[in-house]
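Structural overview
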Amino acid sequence: MPGPYKETDLTERVEAFLSDLKRGGTGAGPLRGSAETARETTALLRKITAQARWGSAGDLMEIIRKEGRRMTAAQPSETTVGNMIRRVLKIIREEYARSRGSSEEADQESLHKLLTSGGLSEENFRQPFALLRTNVIEAINELLTELEGTTDNIAMQALEHIHSNEVIMTIGRSRTVEAFLKDAARKRKFHVIVAECAPFCQGHEMATNLSKAGIETTVITDAAIFAVMSRVNKVIIGTQTVLANGGLRAINGTHTLALAAKHHSTPLIVCAPMFKLSPQFPNEEDTFHKFVSPHEVLPFTEGEILSKVNVHCPVFDYVPPELITLFISNIGGHAPSYIYRLMSELYHPEDHEL
Amino acid sequence: MADSGVIDGPGRKDEIERAKSEGKDLTKEEKQRLRKEKKQQKKNKEKKDDKASQENEKEKKLVTSAAPASQPPTQPTVQKAPSAVPATAPVSVPALEASAPADKPAKTKAELKAERRARQEAERASKQSKKGETGQQAATSKPKAPPSDLQPVVKRLPEHIQVDNPDVLKKLAKKLERQQIPLRSDYGYKVSLFSHLHQYSRKAPLTQQLSIPSTVIHPAIVRLGLQYSHGIVAGSNARSVALLHAFKQVIRDYTTPQNEELSRDLVNKLKPYISFLNQCRPLSASMGNAIKYIKKEISNIPSNSKEEDAKSKLLNGIESYINEKIILAGVAIAKCAIEKQKISDGDVILVYGCSSLVNHILCEAFEKSRKFRVIVVDSRPRLEGKEALRRLVQKGISCTYVLISAVSYILPEVSKVFLGAHALLANGYVMSRVGTSQIALVAKAFNVPVLVCCETYKFCDRVQTDSFVSNELDDPDDLIVTRKGTTPLEGWQNQSSLGLLNLVYDVTPPDFVDLVITELGMIPCTSVPVVLRVKNVDQ
């Protein structure tokens, strides 16, 4: 039985994670990639499941929801945290339903069932099951394994999408896209143009990594995106979040890139693992945009005019789903119009609001 | 008298043939006469079908056949300057025509050879003249074929977009050697798409290879070249005005050497200066137009004018060009924009980079008490928007500042976009600082009107559809930046597959631009060739 010692240890872990989240989201881009955040969140949730005191599934879900609200409040722009929490909540629901003996996945499909049965919402998950803890922990372990393989799964699909002598454009730095391109470069020769994405200039690091792998890379400024787009065959980008309507919340400059690609009818491919899919819609103005210190744009050395000028430094951009051609995720490729379906498989509608 | 013409023609030809065969250098007069005759013979071919005018001119020839012989000093003067050739054409054509049919029976093999050579040189000379003076030909030679705008213009490709052609490079090197100007070498790995353009490093200016003091190049020009290559003087208007001021200084310090004509010699003196400036930084379209104007002014100086008069005339001409085409045009454009309500109260105006004309318009509008605020968009690595920001804030205009990657965030607040131009091309494309086309694209997507402000002296008759074939590559090291103590691109030269691209210009398609404001009024982008045609006819 978990003793008081273990409980304080647990709360310490949670506090440490929260402060990491708060610190990690300042301007320079995430200190750790989204995949790491997802893994840490899931590991932490596993620990909570294992060590916290709970009797029934309902208790566990309450605990996780409470911790989840605190975590998302610490860093609202880091949506992977919220996504993992919702995944775990769905796992708990499924395990509970399995233990009870009823299968309710199929209920979601039928419109009739949606109208007649309130689904499991009438359930309050109060029935205690002895094996629930072990089952949930096992399921979370499976989730963790899935998370570890996402980048490789996406990279494996690279050869299906890149032919030789292509010119590919990308923006900023995405570990997923880097792995994707490096995998394709083992067999094919192509050219990559990286837009540096001021003011953080993460594109520089991406370009050096790609050129070390032997890929012909060119670094261009953000201003030259439209100028060189006419020679580009494909645009492959990563993203921070995939929204529920199939749009993206990506690094700033991506909307311009998408518009330029649309103008030249160049396909825009987004490499995004499934844990980035978030049930949010892009209509909450105050939580959608994130701003960092304007020092990045107009440094303090500029002197007096700083006090007379408004300076904005947004981190993210919204890209509407009409500009996107294809999503490549660890479970394959989809069109943006299919994202809502995937969302219903991953998350339960009750959990959209934590 | 008809006989005199017949006798003169072949007689002079024999003289020249003798001189050639003896290996002597032809005297100046003989050279000029030869050139004149070749020109006449070339025009003669064009008029072979026009029999009626030939009859008329046969009579004219009686009057003017003596004219070519008796005016060697003036005509060769005028001839040497390529721009004034057409002035001699109507005078010399009749004489030619009359002599040609008479010559026909008397031609020998040697004369035919001379004629062929003459024709080739005449074609070369006329090609050079046609480049500058298509307008003049149209105006002055009425009995000729239709105006030269519709004749095929043989254009020479500028050298700075043929860097991948080794023959062109060799020719350039020879020409620079002759003019005693050092050749600037390319720097760094060039992206394959742009291997036909130069790429220089700012750390290796051309002046390092010059001896100081330079005897060939005027010090004002050396200073100007250095200012260009280091970006101290940047921006289309600023570069043109600086160029014209430097040329004024050159003209002030100029003295005609003995036995030389001012109009010919000064143009020849200017040629190495122009090559030098071209090496420091490729000439802009506005600078090209300014140079054409100066050359025309110089060659229009009559040969019998005194040096002081000629110089003061030239200085006044340059002063009036600056005044009319740049300063007053700017004032007219600002007036037009403000009076026609292009800037109204409550407007949020987006500007990109630092365009002197757009800044002028905004400052004028603010002085006329229009209430608006400005959003300045800037881009790396030049960060010219900061200069615009300073000027506007000094005036008291409320400003916002963002980088170009945040443009789709800020655009929903914007009501109008004002852009400056480097040049307006004849197919309606706007050539401007790189990033302009991107702003126009995003503005179009958000349905925000885009207005381009441009003086007419920046209109050029080139055509271009993409930003690759003719552009300028700036120093690639400018892209390197240090953030949080690390410089990822530091050793980019050592990495074999890594290239940095620092473009300077891009072209904006006319469907992104809603209006062009010029001193002639508000025109759509596609009316540029109309304006050019009207200007050519005026000249």
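Residues numbered from 1 in each chain as written. Chains lettered and ligands numbered in written order. Predicted model: local features only at pLDDT ≥ 70, side-chain atom pairs only at ≥ 80, totals over all residues. Heavy atoms only, no water.

**With respect to the interface of chain B and chain A**
Formally: Throughout, a contact is declared for two residues whenever any of their heavy atoms are within 4.5 Å. Two parts placed together each lose some accessible area under a 1.4 Å probe, and the buried area is that loss summed for both. Salt bridges are counted wherever a side-chain nitrogen of Lys or Arg sits within 4 Å of a carboxyl oxygen of Asp or Glu. Two N or O atoms form a polar contact when they lie within 3.5 Å of each other; inside protein one atom must be a possible hydrogen donor and the other a possible acceptor, and for residues adjacent in sequence the pair counts only when both atoms belong to side chains. Strands here are runs of E lasting at least two residues and helices are runs of H or I lasting at least four, both read from the DSSP assignment and numbered beginning at the N terminus.
Counting residues at the interface gives 50 residues for chain B, matched by 52 residues for chain A. For the pairing of chain B and chain A, the buried interface totals around 4,300 Å² over both sides, and the portion due to carbon and sulfur atoms is 64%. When the buried area of chain B at its contact with chain A is split by residue, Ser405, Tyr409 and Arg483 of chain B rank highest and sum to 15% of it. Linking chain B with chain A are 3 salt bridges, by the criterion used here. Taking the shortest distance from any N to any O, the salt bridge between Arg231 of chain A and Asp466 of chain B comes out at 2.8 Å. On inspection of chain B and its partner chain A, the count reaches 21 residue pairs in polar contact (both at pLDDT 80 or more). Broken down by secondary-structure element, the contributors of at least two residues to the side of chain B that touches chain A are helix H15 (385-395), strand E3 (399-403), helix H16 (407-410), helix H17 (436-445) and strand E8 (498-500) of chain B.

**Focus: the sheet that holds strand E6 (residues 430-433) of chain B**
Residues and elements named next belong to chain B. Going by this rule: We call two strands paired when DSSP finds no fewer than two bridges between them. Between the N-to-C directions of two axes lies an angle of 0 to 180 degrees, each axis being a line fitted to C-alpha atoms and, for a helix, fitted only over the stretch in contact.
Strand order in the open sheet made by the 3 strands is E5-E6-E9, with antiparallel pairing throughout. The two strands at the open ends of the sheet, each matched to only one other strand, are strand E5 (423-424) and strand E9 (505-508). Sheet topology places E5 next to E6; 2 bridges connect them, and they run antiparallel. What sits directly across from Leu424, in E6, is Val430. Sheet strands touched by H17: E6 and E9. Its angle to E9, the strand with the most contacts, is close to 35°.

**A short note on the sheet that holds strand E9 (residues 316-319) of chain A**
Residue and element names in this part refer to chain A. One open sheet holds the 3 strands; their spatial order is E5-E6-E9, and the pairing between them is antiparallel. A strand with exactly one partner marks an edge of an open sheet, and here the two such strands are strand E5 (241-242) and E9. With 2 bridges joining them, E5 and strand E6 (residues 248-251) adopt antiparallel strand pairing. Within the sheet, the bridge partner assigned to Val242 lies in E6 and is Leu248. Helix H10 (residues 254-263) rests against E6 and E9 of the sheet, and its axis sits at about 30° to E9.

**A short note on the packing of helix H11 (residues 262-280) of chain B against helix H12 (residues 285-299) of chain B**
Residues and elements named next belong to chain B. Put simply, the rule is: Note on angle classes: values under 35 degrees are labelled roughly parallel, values over 145 roughly antiparallel, values of 65 to 115 roughly perpendicular, and the remainder oblique. Under the scheme applied, nonpolar residues are Ala, Val, Leu, Ile, Met, Phe, Trp, Tyr, Cys and Pro; charged residues are Asp, Glu, Lys and Arg; polar residues are all the others, including Gly.
At a minimum axis separation of 8 Å, H11 and H12 run at an interaxial angle of 160°. For the element pair H11 / H12, the angle class is roughly antiparallel. For the pair formed by H11 and H12, the contact residues are Leu262, Ser263, Leu266, Val267, Leu270 and Ile274 on the first element and Ile291, Ile294, Lys295, Ile298 and Ser299 on the second. Its residues assigned to classes, the contact of H11 with H12 comprises 8 nonpolar, 2 polar and 1 charged.

**Overview of the pairing of strand E7 (residues 450-453) of chain B**
A regular strand places its side chains on the two faces of the sheet in alternate fashion. Residue and element names in this part refer to chain B. Cut-off, in case you're wondering: Note on classification: 1.4 Å probe, protein chains only; a residue is buried when its accessible area is under 20% of the maximum for its type, exposed when over 50%, partly exposed between these limits.
Neither face of E7 is open: one carries Val450 and Val452, the other Leu451 and Cys453, and all of them are buried. Strand direction decides the pairing type here: strand E4 (residues 416-420) and E7, joined by 4 bridges, are parallel. The partner of Phe418 across the bridge, within E7, is Leu451. Pairing between E7 and strand E10 (residues 515-518): 3 bridges, direction parallel. Following the sheet pairing, Val452 is matched in E10 by Val516.

**A short note on the packing of aromatic side chains**
To be explicit about the condition: Any pair of Phe, Tyr and Trp rings, taking the six-membered ring for Trp, is counted once the centres come within 6.5 Å. Such a pair is stacked with planes under 30 degrees apart, edge-to-face with planes over 60 apart, and tilted for the rest. In this scheme, the term charge over a ring applies when either NZ of a lysine or CZ of an arginine sits within 6 Å of the ring centre and within 35 degrees of the ring normal.
Counted according to the given criterion, the structure contains 6 aromatic pairs over all chains. Seen in terms of ring centroids, Phe291 of chain A and Tyr409 of chain B are 5.3 Å apart; in terms of plane orientation they differ by 65°. Their pairing is edge-to-face. Here the residue Phe291 of chain A occupies a position in the loop between helix H11 (285-288) and strand E8 (309-311), and Tyr409 of chain B occupies one in helix H16, the pair thus bridging two chains. Taking NZ or CZ as reference, Arg231 of chain A lies 4.5 Å from the ring centre of Phe468 of chain B, over its face.

**Quick notes on the confidence of the model for chain B**
Residue and element names in this part refer to chain B. Our working rule: What pLDDT expresses is the predictor's confidence in each residue, scored from 0 to 100.
For chain B, per-residue confidence averages 79 on the pLDDT scale, and residues scoring 70 or more make up 77% of the total. Under a pLDDT of 50 for its full length, residues 1-11 has, in the predicted model, 7 contacts with residues more than four places off or in other chains. Below pLDDT 50 for its whole length, residues 63-106 participates in 65 contacts with residues either more than four positions away or in separate chains. ipTM for the predicted complex: 0.87, alongside a pTM of 0.79.

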